[in-house]
Each structure stands twice: as structure tokens, then as C-alpha cells.
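Here is how the chains run, residue by residue.
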Amino acid sequence: MCAAIICVATDLSGVRKMNDKEILVSTRGLSVHFPVKKESTFARRRYIHAVEGVSIDICKGEAFGLVGESGCGKSTLANATLGFVRPTSGEVFFDGAEIGSGKKAALKSARLKMQKIFQNPAASLDPRYSVFKAVSEPLRIRGGYTAKELENEVSAVLERVGLTVSDMSRGVTEFSGGQQQRIAIARALIVKPEYLVCDEPVSALDVSVHAQILDLLVSLQEQLGITYLFISHDLAAVRKLCGTIAIMYLGQIVEYGSAERIFLSPAHPYTRALISAVLSLDGARERIVLKGDAASPIDLPSGCAFAPRCQCAHEKCKSTECRLTRIADDHFCACPYI
Ligand SMILES: Nc1ncnc2c1ncn2[C@@H]1O[C@H](COP(=O)(O)OP(=O)(O)OP(=O)(O)O)[C@@H](O)[C@H]1O
Ligand SMILES: [Mg+2]
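All of the points below concern the structure found in this document. The residue numbering used here restarts from 1 in each chain and proceeds along that chain's sequence as written. All chains are assigned letters beginning with A, and all ligands numbers beginning with 1, in the order in which they are written. Note on the predicted model: pLDDT of at least 70 is required for a residue's local features to be given, and 80 or more for side-chain atom pairs to be given and counted; whole-chain, interface and lining totals, by contrast, use all residues. To obtain the side-chain values, all non-hydrogen atoms of the structure were included, while hydrogens and water were left out.

Now for the packing of aromatic side chains. Stacked, tilted and edge-to-face are the three classes applied to pairs of Phe, Tyr and Trp rings, where Trp contributes its six-membered ring and a pair requires centres within 6.5 Å; stacked means planes under 30 degrees apart, edge-to-face means over 60, and tilted covers the rest. Counted according to the given criterion, the structure contains six aromatic pairs. When the ring of Tyr249 is compared with that of Phe306, the centres are 5.0 Å apart and the planes differ by 85°; the resulting orientation is edge-to-face. Taken as a pair, Tyr249 in strand β11 (residues 244-249) and Phe306 in the loop between α10 (269-279) and β13 (325-328) lie far apart in primary sequence, 57 residues in all. Take Tyr249 and Phe306: they sit in the same class, and that class is buried. A centroid spacing of 5.3 Å and a plane angle of 55° characterise the contact between Tyr270 and Phe306, whose relative ring orientation is tilted. Of the two residues, Tyr270 sits in helix α10 while Phe306 sits in the loop between α10 and β13, which places them 36 residues apart along the sequence. In DSSP terms, a helix is any run of H or I states spanning at least four residues, a strand is any run of E spanning at least two, and both are numbered starting from the N terminus. Burial classes follow relative accessibility: with a 1.4 Å probe on protein chains only, a residue under 20% of its type's maximum area counts as buried, one over 50% as exposed, and anything between as partly exposed.

To estimate the expected span of a helix, count its residues, drop one, and scale the result by 1.5 Å. Across its 13 residues, helix α6 (residues 177-189) extends 18 Å between first and last C-alpha, which sits within 8% of the 18 Å expected from 1.5 Å per residue. Burial runs high along α6: ten of the 13 residues are buried. For α6, the set of buried residues is Gly178, Gln180, Gln181, Arg182, Ile183, Ala184, Ile185, Ala186, Ala188 and Leu189. The contact criterion used is simple: two residues touch if any of their non-hydrogen atoms lie within 4.5 Å. Turning to α6, the residues buried within the fold contact β8 (114-117), α3 (121-124), α4 (131-142), α5 (147-160), β9 (195-199) and α7 (207-224).

What follows deals with the nonpolar core. Ranked by size, the top nonpolar core spans 95 residues in total, and within it Tyr195 and Ile253 carry the most contacts. Element by element, the count of residues in this core is highest for α7, at six residues. Once residues lying within four places of it in the same chain are set aside, the contact partners of Tyr195 are Leu24, Val25, Ile58, Thr81, Leu82, Phe94, Lys113, Met114, Gln115, Ile226, Thr227 and Leu229. Among buried residues, the Ala, Val, Leu, Ile, Met, Phe, Trp, Tyr and Cys ones that are joined through side-chain atoms within 4.5 Å form a nonpolar core.

Pasting the structure below:
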């Protein structure tokens with residue numbers, strides 16, 4: 001893994017590097033706040049703190065897993081790295097260029113190298129389209145392809161995702177959920193992206209096709225060396241695909257490091273609870289059950305955001321801000337009391 005949250009070297013050519021690996025995507029102190037509708041004209045404006053001071057590095061060719069409860073800010077963080085959401089503060093870099101501050105040229109050139117696949121393939125595909133029309137659309141929008149070239153590109157990418165040339169003329173609604181996700185993956189791959197955000201790509205699918213789609217994503221990464229940001233609630237899926245993991249809680253990264261290390265010795269009490277839920281299934285570990293709900297992202301508690309639910313919380317946790325600190329070569333944790 002290429003983990004480095006705190007210091008990133010920038011060489012003379014502007015390429016950000018860490019441990020000799022090039023970094024494709026990074027954020028520095030990234031915060032994204034959404035305004036809440038005011039209840040009255042005189043009420044104080046309040047904000048949802050969807051992402052709060054996040055600094056991550058995603059190296060070229062790695063699969064980076066992002067895990068956390070619903071509403072903790074995973075999709076917002078991913079969307080900010082794609083330039084879909086403007087940061088409230090902080091920076092977003094893609095291949096060395098800052099894309100978060102609204103510089104259109106930098107964002108436009110980065111966008112050519114980025115794609116996203118969504119949770120629900122049916123919703124991401126136009127039901128009126130044939131497979132050919134759906135998959136070829138990104139190339140048709142870019143322009144410059146003859147009909148024959150489009151056909152060749154579509155048939156090559158369909159083969160890559162386990163579909164056939166004869167599927168090209170069928171309507172997208174004629175396929176099962178798993179096959180529709182393959183079509184959505186083909187549509188993303190046709191522009192040969194360097195960076196692919198997979199936002200819960202299997203959670204809307206039947207359990208029986210989870211493994212097939214995950215295997216497909218693993219083999220595509222091996223063949224094409226694409227950089228993934230893989231978002232999931234499913235730690236088993238993250239473990240299968242990702243070399244690096246970040247655990248997110250209420251907009252902040254609470255633990256970050258090599259997947260191997262985090263699964264072997266999770267440090268943050270929140271990570272321990274998440275991992276115990278997976279390992280307790282095969283009896284390897286006793287399950288830690290979290291009590292209560294996460295605090296509101298509108299009124300973030302002072303001190304550690306996880307303290308109100310933490311089994312190991314000290315009095316000081318309620319007032320001490322927890323910062324990510326290196327606890328091993330490839331392991332960072334935001335809890336000072338581990
Ligand atoms: N466009 C928006 N406008 C206002 N609030 C938003 C917007 N997008 C997200 N939010 C809020 O920001 C917080 C984080 O949302 P986000 O979708 O990033 O969470 P998530 O971790 O991806 O959740 P899930 O696992 O359910 O997809 C939530 O409280 C959500 O309601
Ligand atoms: Mg989401």
C-alpha cells in the first residue's frame with residue numbers, strides 16, 4: 001500500500017509520490033458542508049458536515065476501500081474526488097493537478113480519466129437504450145468515432161465484462177441485475193478510465209451474483225491496472241478487493257492503512273466493532289455490538305465524534321479532538337487511547 005496521510009512528496013514535475021509509488025488521487029483537509037434549509041428567516045444557518053478535514057492518498061493501480069455506516073459521507077467524499085461536489089474547504093488533486101477549486105481546464109482534463117459505477121445498475125442505465133447505445137454513449141459524446149470503430153470498441157469491452165457481441169442489440173431491461181451491472185461496468189470501461197469509483201457496486205444485487213461481480217472487478221484491475229475507490233458496507237467484499245482501507249465515521253477518517261493490517265489488528269474501537277461483526281460470523285471473534293445511533297452530522301459533538309458510542313471512551317474524549325496518527329508503518333488511527 002502507499003499509505004501516507006500526513007506528508008506527501010511532490011517532485012519537480014509536479015507528480016505526487018509516496019514510497020516511490022505515484023499518487024493518482026489525493027485530498028488535503030477536505031471538508032464538504034451542505035446548508036440546511038432554515039426554519040425561519042432569522043434562524044441561524046446550519047450545515048451538514050458530510051466530510052470533515054479528510055486527507056487521503058490513492059496510489060496509481062491500487063484498490064482503495066472506503067467503509068462506514070450509512071450517511072457517514074462516503075459518497076460525498078468520492079464525489080468530491082470526481083469533481084462532482086465542490087469542497088467547502090481543502091484541496092483535491094488528480095494526477096498532480098488541483099481540481100477542487102473550480103479550475104475548469106484541470107477538471108475537464110481529469111474528468112476524461114474518471115468514471116463511476118453506481119449501486120443500482122437499473123437506475124444508471126436508460127431503459128430505452130439497447131446495450132450498444134448504452135455502452136457506446138460515452139464515446140459518442142466525445143465524438144470522432146466511425147460506426148465501425150464504435151462497434152469494435154463495444155464488442156471488445158462487452159467481452160471483457162463477460163457479455164457477448166450478440167447482446168449488443170438487446171434492450172438493457174432484458175438483463176438481470178448482475179448482467180446490468182456488467183453493462184454499467186462496460187460503459188465505464190469503454191473510455192479507458194484511470195480512476196474508477198465503485199459506489200456500493202454489489203449491494204443492490206442478489207447475494208448469488210455478488211461474488212461474480214467482485215471477481216470481475218478484481219480481474220479487471222489485474223488486467224487493466226485501474227485505480228479503484230471502492231465503497232462498501234460489506235467488509236468481506238472490501239477485504240477481497242482492496243489493498244488499502246479507510247474507515248469513515250461522521251465525515252472523518254478514523255482509521256487508515258493496509259487492509260491486511262487492519263483486518264489483523266484493527267486499532268480504533270469503531271473499526272474493531274465493524275470487523276467483529278464479520279469475524280463473529282465464523283466464530284473467530286466475539287461480536288462487539290455498537291449502542292445508540294451516530295450523532296447528527298449537523299450538530300457534531302465536540303471532541304471525538306465516536307465517543308458517545310464508544311465502549312472505551314474516557315472523559316477526555318468528549319473534549320479532545322482526535323487526529324489521525326501513525327501507529328505503524330502502514331497504519332494510522334485517530335484514537336489516542338488504543
Ligand atoms: N446534495 C446534498 N445536499 C444536502 N445534504 C447532502 C447531500 N448529499 C449528501 N448529503 C448529506 O451528507 C451526509 C453524507 O451523505 P453521503 O451520501 O455522502 O453518505 P454515505 O456514507 O454515502 O451514505 P450511504 O452509505 O447511505 O450511501 C448525509 O447526512 C446526507 O444526508
Ligand atoms: Mg453513499
